[in-house]
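A closer look at the structure
Single-letter residue listing:
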Amino acid sequence: MSIIEVNHLTKYYGKSRGIGDVSFNVEEGEIFGFIGPNGAGKSTTIRLFLSLIYPTKGEAKIFGKDCVKFGPELRQEIGYLPSEVFYYEGMKVLDLLKYSASFYKKDCTKRLHELSDLMELDLKRRISDLSYGNKKKVGIVQGLLHQPKLIVLDEPTAGLDPLMQHKFFNLIREENKRGATVFFSSHILGEVQRLCNRVAIIKEGSVIDLQDIKTLQKDNYKKIRVTATGLDEKSFQVDGVTALQKSNSTVSFFYKGDINVIAKLISSGKISDLTVEDLTLEEIFMHYYE
Amino acid sequence: MMNIYKHEFKAILRTVLIWSASIAALLFVFMSISSTFSKNAVVVSDMLSNFPKQLLIAFGMNQMDFGSVLGYFGLMFLFCQICLAIQAANYGFGLVSIEENEFTADFLLAKPVGRGRIMTSKLLAALTGLTITNLVVWICSFVTLAVFNSGATYETKRLVILLLSILPFQLVFLTVGILISLLVKRVRNVTPFSMGLVFGLYILNIFGDMIGKKSLEVLSPFRHFNPNYIIQNAAYDPLAWISVAAIVISVAGSYFLYNRRNIPSAV
């Protein structure tokens, strides 16, 4: 079953574009990455899921039901962590978390304390006294305390130190094993690479590619660097080669295609050094945004 | 639904107490000097007659009966009304805009609760706050009139009718405040809006009297619930229906707009 179905979802703010004609599905149990630079429309898409804003055209369905019509019912099972966290400044952390828990039908007390212990959150402090990172932890706890079936994360790691990021990722993996589907928006490719199964790439309000993360890395480009004598870089100008460069006796390029073809070309010289690597997501990403 | 109500009520409780205490203090101070006026009613009237008429109109003192204790109370009640109006307008303009400015709206609206229920809870919380202030005004009015009446008597019925006008009077400012806050793109700061609304409508009311031409002042709640009129007639001005209509339209409009509102994001 598709947990999220997005059909031709479009949002305009007056005349300025939020997103235009976005369609994709998120399947049950997957960790779905949603990557793109700032202003591409990641947050707009997420805010449409939560009915914080309403679509201009198209629709988004969660658990098979329309986001706008069934908003309150659907949000019982959605956990949301926004990119920027803001909470009632005058409240104590525990009071805020209890307030958050009071919206859900199930009893969240036990999970509330488990998560707070895990994230090393001091429940007695006031929200206004918390650092940004600590507010983010409050966000994580309030987003997960009701054990939602769908977890929506909007650039969640900003403000968390590497140790906390690690804990947070483990937590998300655990929630995912428990059965939760995760929608993970980010502009940091490393973390998407570490966590996600599938990834949609969004650029200027449109999804430009949607792939399995392994396919994106493995079946596509290789990064090849050859150091050899008597090598003519012009001989590498064949189909599938891009970003060809030569400095001294080293030739480097990206290659997509039959490995045997390129192996023959490389062996035409006397090789002193050779590296063949998968492209990092960063490099693939840069390719999309050139 | 109770949870939002409780949360919202706690959020305004401090200001409810401050407004209530301020208005109570105002009542006590004004009423404590009432005997000075009533004893020298003739002198005071003579003195006031030397002031420019426009000035008297501006402070609602043009048709005052300083001799009677309720007449004096009516004058002072106008100043209470200004405070009550600012309080109600503050709650109205802040009802949804404060959350949007501090971006806590994202937190609240991502919870499994509909916009309508949020609006209702917030409205009821504000209404509870206003009711507390209302009660304080009632109690202080009866107490001060009992203590500082200088032996004069008054008709309780007229006072009760006057005090009953507080609720609809405040409701106008509360609900119109909400509606305006939803009509504009963003209310960054509540105070200029509520001050603008209250003093705008106050001036609208006295302006007609000042230039001696009746026109737009029929739109002002200060006119609809003019304390002098209520005390003298022991009844409300029929124009008060305009206020009632404004409340109904504002409430309906606010629900309509809030249900369709795009919540601005932090970034």
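Residues numbered from 1 in each chain as written. Chains lettered and ligands numbered in written order. Predicted model: local features only at pLDDT ≥ 70, side-chain atom pairs only at ≥ 80, totals over all residues.

1. What to know about the overall build of chain A
- Along chain A, the regular secondary structure elements total ten helices and 14 strands.
- Reported as C-alpha extents along the three principal axes, the dimensions of chain A are approximately 75 × 40 × 35 Å.
- Every one of the 290 residues in chain A was classed for burial, and the buried ones make up 39%.
- For chain A, the share of sequence-separated contacts (at least 6 apart) that also reach a separation of at least 24 residues comes to 69%. (Helix = DSSP H or I, 4+ residues; strand = E, 2+ residues; numbered from the N terminus. Buried ≥ 20, exposed ≤ 12 C-beta atoms within 10 Å, placed from the backbone. Contact = placed C-beta atoms within 7 Å.)

2. Quick look at the pairing of strand β8 (residues 181-186) of chain A
Residue and element names in this part refer to chain A.
- Within β8, six of the six residues are buried, which leaves it mostly tucked inside the rest of the structure.
- Burial of β8 is two-sided: the residues Thr-181, Phe-183 and Ser-185 facing one way and the residues Val-182, Phe-184 and Ser-186 facing the other way are all buried.
- Bridging between strand β3 (residues 31-35) and β8 involves five bridges; their strand directions are parallel. Pairing of Ile-31 across the sheet is with Val-182, part of β8.
- By the bridge criterion, five bridges tie strand β7 (residues 150-154) to β8 in an arrangement that is parallel. Counterpart to Asp-154 in the pairing with β8 is Ser-185.
- Chirality of the crossover, the property in question, places the unit of β7, helix α6 (residues 162-178) and β8 among those that are right-handed. (Pairing = 2+ DSSP bridges. Right-handed = clockwise from strand over helix to strand, strands pointing away.)

3. A few points about the packing of helix α3 (residues 93-101) of chain A against helix α5 (residues 132-144) of chain A
Residues and elements named next belong to chain A.
- Where α3 meets α5, the closest approach of the two axes is 9 Å, and the angle between their N-to-C directions is 30 degrees. Considering their axes alone, α3 and α5 lie roughly parallel with respect to each other. Once α3 is placed against α5, the crossing between them reads as right-handed. Across the interface between the two elements, Val-93, Leu-96, Leu-97 and Ser-100 from α3 touch Val-138, Val-141 and Gln-142 from α5. (Axes fitted to C-alpha atoms, helices over the stretch in contact; angles between N-to-C directions. Parallel < 35°, antiparallel > 145°, perpendicular 65-115°, else oblique. Left-handed = near helix turned anticlockwise from the far one by under 90°.)

4. Focus: the interface of chain A and chain B
- Counting residues at the interface gives 22 residues for chain A, matched by 19 residues for chain B.
- Broken down by element, the residue count for the side of chain A that touches chain B peaks at four residues, all from helix α2 (residues 71-75) of chain A.
- Its residues assigned to classes, the side of chain A that touches chain B shows 13 nonpolar, five polar and four charged. (Nonpolar A, V, L, I, M, F, W, Y, C, P; charged D, E, K, R; others polar.)

5. Thoughts on the sheet that holds strand β14 (residues 270-278) of chain A
Residue and element names in this part refer to chain A.
- Sheet architecture is open: four strands sit in the order β12-β13-β11-β14, paired in antiparallel fashion. Two strands bound the open sheet, and with one partner strand each, they are β12 (241-247) and β14. Along the sheet, successive strands turn relative to each other by an average axial angle of 15 degrees, direction set aside.

6. So, helix α10 (residues 190-211) of chain B
All names here are of chain B.
- For α10, which comprises 22 residues, the first-to-last C-alpha distance of 31 Å matches the rise-based estimate of 32 Å (1.5 Å per residue) to within 8%.
- Three or more residues of α10 are buried, namely Val-190, Phe-193, Ser-194, Leu-197, Val-198, Leu-201, Tyr-202 and Asn-205.
- In this fold, the buried residues of α10 make contact with α5 (69-101), α9 (166-183) and α11 (221-224). (Expected span 1.5 Å × (residues − 1).)

So far we have only geometry, and geometry alone does not tell us how the molecule works.
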